[in-house]
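# Commentary on secondary and tertiary structure
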Amino acid sequence: MPAPTLPSEKSAAALITACGGRITRTRLAVLGILHDSAHSLSHDDIAAQLLALDVHHDRVTLYRTLDWLVEQGLAHRVSGLDRAWRFNSGGDDAGAHAHFHCDRCGHVVCLESIRPDESLALPAGYRPERAELVFHGTCPDCGRRRAEDA
């Protein structure tokens, strides 16, 4: 896997500053890694890419960075079958869409065209704060490998 490239540090720094955050090399790099990824990444995936970029960090700093990015709406997370969080870049409304989880390789992909139904009729007094909709199956790569193995 080639080393990821960082998007414009200026635009990443502007996003962080707009949220009132401190600009750090780890925040800039993690935001860039998430932005460049075609699918959601686990903590370990991100840590490996940080090493490839020669961005020194520790596990706690990475967890705190990811939590901060999620709290600010700059990233979102979805839980995989292994109960590990997967992260992806996203704006204010990033969590309001469905995800597809490949049960063979664990990749999670955002399905931004599919939104949880906001017109859901709940009992009186209930107010939804978030919804998660996850489809499970096989991604194209795993589907090809499965067909080749047959």
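Note that this is a predicted model, so its numbers are computed, not measured.

Here is what the cut-offs are and how they apply
- Residues numbered from 1 in each chain as written.
- Predicted model: local features only at pLDDT ≥ 70, side-chain atom pairs only at ≥ 80, totals over all residues.
- Heavy atoms only, no water.
- Helix = DSSP H or I, 4+ residues; strand = E, 2+ residues; numbered from the N terminus.
- Buried < 20%, exposed > 50% of the residue type's maximum accessible area, 1.4 Å probe, protein only.
- Areas by Shrake-Rupley, 256 points an atom, 1.4 Å probe, with all protein chains shown as cover.
- Expected span 1.5 Å × (residues − 1).
- pLDDT = per-residue confidence, 0-100.
- Contact = heavy atoms within 4.5 Å.
- Salt bridge = Lys/Arg side-chain N within 4 Å of Asp/Glu carboxyl O.
- Core = buried A, V, L, I, M, F, W, Y, C linked by side-chain atoms within 4.5 Å.
- Phe/Tyr/Trp six-rings, centres within 6.5 Å; stacked < 30°, edge-to-face > 60°.
- Lys NZ or Arg CZ within 6 Å of the ring centre and 35° of its normal.
- Pairing = 2+ DSSP bridges.
- Axes fitted to C-alpha atoms, helices over the stretch in contact; angles between N-to-C directions.

### Some thoughts on the overall build of the protein chain
Helix and strand content of the protein chain: 5 helices and 6 strands. Ordered by position in the sequence, the α and β elements of the protein chain form the string α-α-β-α-α-β-β-β-β-β-α. Within the protein chain, buried positions represent 37% of all 150 residues. Total accessible area computed for the protein chain in this model is approximately 9,600 Å², and 52% of it derives from carbon and sulfur atoms.

### A look at helix H2 (residues 25-36)
End to end, H2 covers 16 Å across 12 residues, agreeing with the expected 16 Å (1.5 Å per residue, within 8%). The element H2 is extensively covered by neighbouring structure, given that 9 of its 12 residues are classed as buried. Where H2 is concerned, the buried positions are Thr-26, Arg-27, Leu-28, Ala-29, Val-30, Leu-31, Gly-32, Ile-33 and Leu-34.

### Thoughts on the confidence of the model for the protein chain
Low pLDDT means the predicted atomic positions in that stretch should not be read closely. For the protein chain, per-residue confidence averages 82 on the pLDDT scale, and 87% of positions sit at 70 or higher. Looking across the protein chain, the model is least confident in strand S5 (residues 108-111), with a mean pLDDT of 81, and most confident in helix H3 (residues 43-52), with 95. Every residue in residues 1-6 scores below 50 in pLDDT, and together they form 14 contacts with partners more than four places removed in sequence or on other chains.

### So, the pattern of salt bridges
Taken as a whole and assessed by the stated rule, the structure comprises 3 salt bridges. A salt bridge links Arg-59 to Asp-44; the shortest N-O distance between them is 3.3 Å. Remark: Asp-44 occurs in helix H3 and Arg-59 occurs in helix H4 (residues 59-71); sequence separation between them is 15 residues. Linking Asp-141 and Arg-144 is a salt bridge whose minimum nitrogen-to-oxygen distance equals 2.4 Å. Here the residue Asp-141 and the residue Arg-144 both occupy positions in helix H5 (residues 140-149), the gap between them amounting to 3 residues, near one helical turn. Exposure remark for Asp-141: the relative accessible area of 40% places this residue in the partly exposed category.

### Topic: the nonpolar core
By size, the foremost hydrophobic cluster in this structure holds 22 residues, and its most contacted members are Val-30, Leu-34, Ile-46, Leu-50, Leu-62, Leu-66 and Leu-69. Those elements giving two or more residues to this core turn out to be helix H1 (9-18), H2, H3 and H4. What Leu-66 contacts, discounting residues up to four positions off in sequence, is Val-30, Leu-34, His-43, Ile-46 and Phe-87.

### Remarks on the environment of Leu-31
Within the secondary structure, Leu-31 sits in helix H2. Taking relative accessible area as the criterion, Leu-31 reaches 7% and is therefore assigned buried.

### Some thoughts on the packing of aromatic side chains
Here a ring pair, both rings aromatic, is described through the centre-centre distance and the interplanar angle of the planes. The final tally for this structure, using the stated rule, is 0 aromatic pairs. When the ring centre of Trp-68 is taken as reference, the NZ or CZ atom of Arg-27 above it lies at 3.9 Å. Here Arg-77 stacks its cationic end above the ring of Trp-85, 4.8 Å away from the centre of that ring.

### Considering the sheet that holds strand S3 (residues 85-89)
In space, the 3 strands of this open sheet follow the order S1-S3-S2, with antiparallel pairing throughout. Looking at which strands have only one partner, the edges of the open sheet turn out to be strand S1 (41-42) and strand S2 (75-79). Here 5 bridges tie S2 to S3, and the two strands are oriented antiparallel to one another. Within the sheet, the bridge partner assigned to His-76 lies in S3 and is Asn-88. The sheet contacts of H2 involve S1, S2 and S3, and relative to S3 the element is tilted by about 85°.

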